[in-house]
Amino acid sequence: ATLMRILPRYHTHAKRHPHSLINRIVGAHELSLYGQRVRVMVVESCFQASREVHERYDLKGSWVGRGGKMLKSRGDVLKDLDVRSRFLLAEEDARRISRHLREDAAFLKANNLIDYSLLVGVTKTRYEIEGAAQRRDTAVVGSGPGDGVASAPFHRLDSGGLAAAYVEGAELYSMGIIDILQDFNLRKRAEYLIKRFVCCQGKGVSVHPAGEYGDRFVRNVVEALIEPVRLGAEPRVIRGYTPAGSPLGMFDLKQSERRVALGRNRTRAAPVVPHPQQPQPFGAERSGVWAPPRTSPRLLAGGPGRPTQGS
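The rules behind these values
- Residue positions are counted from 1 within each chain, in the order its sequence is given.
- Local features in a predicted model are, by the rule used here, given only for residues with pLDDT of at least 70; side-chain atom pairs are given and counted only at 80 or more, and totals for whole chains, interfaces and linings are based on all residues.
- Here the side-chain values reflect all heavy atoms present in the structure, with hydrogen atoms and water set aside.
- The salt bridge definition used is simple: a Lys or Arg side-chain nitrogen within 4 Å of an Asp or Glu carboxyl oxygen.
- The helix count covers DSSP runs of H or I at least four residues long, the strand count covers runs of E at least two residues long, and both are numbered beginning at the N terminus.
- Using a 1.4 Å probe on the protein chains alone, a residue whose accessible area is under 20% of its type maximum counts as buried, one over 50% counts as exposed, and one in between counts as partly exposed.
- Multiplying 1.5 Å by the helix residue count minus one yields the expected span of that helix.
- The directions considered for the arc are those from the helix axis to the C-beta atoms.
- By the convention used here, residues are in contact when the closest approach between their heavy atoms is within 4.5 Å.
- Working definition: rings of Phe, Tyr and Trp (its six-membered ring) pair if their centres are within 6.5 Å, and the pair is stacked with planes under 30 degrees apart, edge-to-face with planes over 60 apart, and tilted otherwise.
- A pair of strands is considered paired only if DSSP assigns at least 2 bridges between the two.

**Thoughts on the pattern of salt bridges**
- Going through the model one piece at a time under the given rule, you end up with 16 salt bridges.
- Close ionic contact of Arg-37 with Glu-30 constitutes a salt bridge, the shortest N to O distance being 3.8 Å.
- Here Glu-223 and Arg-102 are joined by a salt bridge, their closest N and O atoms 3.0 Å apart. Note that Glu-223 is positioned in helix α4 (residues 210-226) and Arg-102 in helix α2 (residues 91-110), a separation of 121 residues in sequence.
- The class for Arg-102 is partly exposed, based on a relative accessible area of 33%.

Shown next as structure tokens:
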């Protein structure tokens, strides 16, 4: 039903934007099997069969229950919290991809669609470092009692350490927007209200109204991972909790949202970031929790300051 509703506008969008990242729908069929009707939709694959994909990411821009697991096998699909850095694209390519993704997000918002994601496949490569195997272990101390002894320990011979034999990283990114046929219908409205306000999971839940879903997708996926950083632009400071290894500015949390999902049902309280003008007590850098000094006259007098965690 959703496909038939949006089909004319989808066709128009695909013609106006031939570089759209929404996966092309190439066929829709209804089969009758053993008295049951089965509907099948055929779409293009995001990945080329001739290239091996080493990592797969399913990115929605949400953060509750979106990753934090270990990669167990090559076929596992990683999610938002598993991203470790921005995508290493050429600036012009990143700018064009960002523009097309914004156009696609606007189309999906206008049609009241949610739950779509950007599927990214990363093909990695390895480059050998020339001369890495040639250890500079021939330098010795001059004559004397230590004659014939290396001038430094073996593990410090290469500029104070050991030279790496190779570097490994992304060579190719394959991507496309998938799962575009979910309406923000009555069932999704109920799910949103229960998760957001009854279970108190905050704005990090995946389900959201179409407008908010699209804006968050652009902010946390397009801007944080793909779009080139403008020169002179102020970096977005993450308030609340920063997922380990996630790129700066990826998650736009409010101060009140200090709990994120870790795994399935585990949660952890996020550390409070210290105010730059307030002194940090001894030991706070180890615990990750900042608290104002007990004898601070400004706080005792009710002056401005950062609250302690749990207040």
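**Comments concerning helix α3 (residues 186-198)**
- Under the 1.5 Å per step criterion, the end-to-end length of α3 is 17 Å for 13 residues, consistent within 8% with the ideal 18 Å.
- Considered for burial, the residues of α3 that qualify are Lys-188, Tyr-192 and Arg-196. Buried residues along α3 cover an arc of 50 degrees about the axis, so they all sit on one side. Counted as exposed and oriented over 90 degrees from the buried face of α3: Leu-186, Arg-187, Phe-197 and Val-198.
- Each element contacted by the buried residues of α3 is listed here: β5 (113-114), β8 (182-183) and α4.

**Let's talk about unusual backbone geometry**
- Even without a glycine there, the phi angle at Asn-112 is positive, about 60 degrees.
- Tracing the chain through its elements places Asn-112 in the loop between α2 and β5.
- The class for Asn-112 is partly exposed, based on a relative accessible area of 30%.
- Non-glycine residue Asp-179 carries a positive phi angle of around 55 degrees.
- Tracing the backbone shows Asp-179 in the loop between β7 (166-178) and β8.

**Some details on the packing of aromatic side chains**
- Inspection of every chain in the model, using the stated rule, returns five aromatic pairs.
- When the ring of Tyr-116 is compared with that of Tyr-213, the centres are 4.9 Å apart and the planes differ by 70 degrees; the resulting orientation is edge-to-face. Highlighted residues: Tyr-116 in the loop between β5 and β6 (117-128) and Tyr-213 in helix α4, separated in sequence by 97 residues. Exposure class is identical for Tyr-116 and Tyr-213. Each is buried.
- Measuring from centroid to centroid gives 5.4 Å for Tyr-116 and Phe-217, while their planes differ by 70 degrees, and the two rings are edge-to-face. On the criterion of sequence distance, the pair formed by Tyr-116 in the loop between β5 and β6 and Phe-217 in helix α4 is long-range, its members being 101 residues apart.
- Looking at Tyr-116, the relative accessible area reads 0%, which means it is buried.
- The exposure class of Phe-217 is buried, given its relative accessible area of 0%.

**Quick word on the environment of Val-167**
- Tracing the sequence through the fold places Val-167 in strand β7.
- Here the alpha-carbon distance between Val-167 and Glu-128, two residues 39 residues apart in the chain, equals 6.6 Å.

**Considering the pairing of strand β2 (residues 36-43)**
- Pairing of strand β1 (residues 25-33) with β2, which is carried by eight bridges, proceeds in the antiparallel orientation. From the neighbouring strand, Ser-32 faces β2, where its bridge partner is Arg-37.
- Linking β1 to β2, which pair antiparallel, is a turn of two residues; within it Tyr-34 sits at a positive phi near 50 degrees.

**Section: the pairing of β6**
- Bridge count for strand β3 (residues 55-59) against β6 is five bridges, and the pairing is antiparallel. Considered in β6, the bridge of Asp-58 is made with Leu-119.
- Here β6 runs beside β7; their pairing, made up of 12 bridges, is antiparallel. Each bridged residue has a counterpart across the sheet, and for Tyr-127 the counterpart in β7 is Val-167.

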